[in-house]
Amino acid sequence: TWLDSGRRLLLQTQHSGKISLIDTDSGKPIWPSISHDERFELLPPIPNPSETYAVFASDNTLYGLNLHNGTELILAQIPDMFRGIQWNQAGSRVLTWDSGDVVRIWHWNETELSLIQILELRTRQSILRAAYSPDETGVMTADADGDVQIWHVWPTLEALLETAPN
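Draft legend 1. Up close: the pattern of salt bridges. One pass over the full model with this rule turns up two salt bridges. Note that Asp 4 is salt-bridged to Arg 8, the shortest N-O span being 2.4 Å. Using a relative accessible area of 9% as the deciding quantity, one classes Arg 8 as buried. Two residues, Arg 104 and Asp 98, come together in a salt bridge whose shortest N-O distance is 2.5 Å. With respect to burial, Arg 104 and Asp 98 carry one shared label: buried.

Draft legend 2. Spatial organisation of the pairing of strand 15 (residues 148-152). A small share of strand 15 lies buried, amounting to zero of its five residues. Across five bridges, the pairing between strand 14 (residues 138-143) and strand 15 is antiparallel. Bridged to Met 140 within strand 15 is Ile 150. What sits between the antiparallel neighbours strand 14 and strand 15 is a turn of four residues, in which Gly 146 has the positive phi angle 90°.

Draft legend 3. Spatial organisation of the sheet that holds strand 15. Taken in spatial order, the three strands line up as 13-14-15 in an open sheet, and their pairing is antiparallel. Across the chains shown, the open sheet's two edge strands, defined by having one partner strand only, are strand 13 (127-132) and strand 15. Within this sheet the neighbouring strands show an average axis-to-axis angle of 20°, counted without direction. The sheet contact formed by strand 13 and strand 14 spans five bridges and is antiparallel. For Ala 130, the partnering residue across the bridge sits in strand 14 and is Thr 141.

Draft legend 4. Spotlight on the sheet that holds strand 5 (residues 42-47). With antiparallel pairing, the four strands of this open sheet are ordered in space as 5-6-7-8. Unpaired on one side and paired on the other, strand 5 and strand 8 (72-77) mark the two borders of the sheet. The mean angle between the axes of side-by-side strands here comes to 20°, regardless of whether they run parallel or antiparallel. Two elements, strand 7 (residues 61-66) and strand 8, share five bridges in a ladder whose sense is antiparallel. Note that in strand 8 the partner of Leu 65 across the bridge is Glu 72.

Draft legend 5. Inspection of the environment of Ile 150 at higher detail. Mapped onto the elements of the fold, Ile 150 is located in strand 15. By relative accessible area, Ile 150 is classed as exposed at 66%. Linking Ile 150 and Val 139, residues 11 residues apart in sequence, is a C-alpha distance of 5.6 Å. Every residue in contact with Ile 150, bar those within four places of it in the chain, is listed here: Val 139 and Met 140.

Draft legend 6. Layout of the environment of Leu 115. You can see Leu 115 is positioned in strand 12 (residues 113-120). Overall, Leu 115 belongs to the partly exposed group, its relative accessible area being 42%. Counting along the chain gives 11 residues from Leu 115 to Arg 104, while the straight-line C-alpha distance between them is 7.2 Å. For Leu 115, the contacting residues outside a window of four places in its chain are Arg 104, Ile 105 and Trp 106.

Draft legend 7. Spatial organisation of the side chain of Asn 66. By secondary structure assignment, the location of Asn 66 is in strand 7. Asn 66 sits in the buried class, given a relative accessible area of 12%. When neighbours within four sequence positions are excluded, Asn 66 is seen to be in contact with Trp 31, Thr 52, Tyr 53 and Thr 71.

Thresholds applied
- Residues numbered from 1 in each chain as written.
- Predicted model: local features only at pLDDT ≥ 70, side-chain atom pairs only at ≥ 80, totals over all residues.
- Heavy atoms only, no water.
- Salt bridge = Lys/Arg side-chain N within 4 Å of Asp/Glu carboxyl O.
- Buried < 20%, exposed > 50% of the residue type's maximum accessible area, 1.4 Å probe, protein only.
- Helix = DSSP H or I, 4+ residues; strand = E, 2+ residues; numbered from the N terminus.
- Pairing = 2+ DSSP bridges.
- Axes fitted to C-alpha atoms, helices over the stretch in contact; angles between N-to-C directions.
- Contact = heavy atoms within 4.5 Å.

In short, the description is geometric, and any link to function would need to be established separately.
Right, here's the structure in full:
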């Protein structure tokens, strides 16, 4: 993934489980590579819109990666294996989906995630993809059978509280 208009390159090697940030002018790493056990499926790091952090997953653990200094944080652990990650346009929410057919929406505050909403799907096949709608009031899920579903979600905590019964 290219960052800073091509000045930095965020790389992940699948077989060795290493993540590196390269200065494209010098060709040298900005910080030492981060390694993860190659036995697990490593989802590539996805930078937030401001390119200050990236999130990635290894097996059932979701990590945060400070793109300035290479500091890694464990953000969440779930029972099943993460299958995908997406940021919202503002960089304040992270959408994840897993092998247990659960979609989670998390709030991001620069150092930690807090769970906002869980969508438990009842599909016959695994979720292949999930994505926010452009206005972030919906999430689309697509499974291996080609079934697509649209789920209503709340873009803010305030919006959720306004719809909740007293």
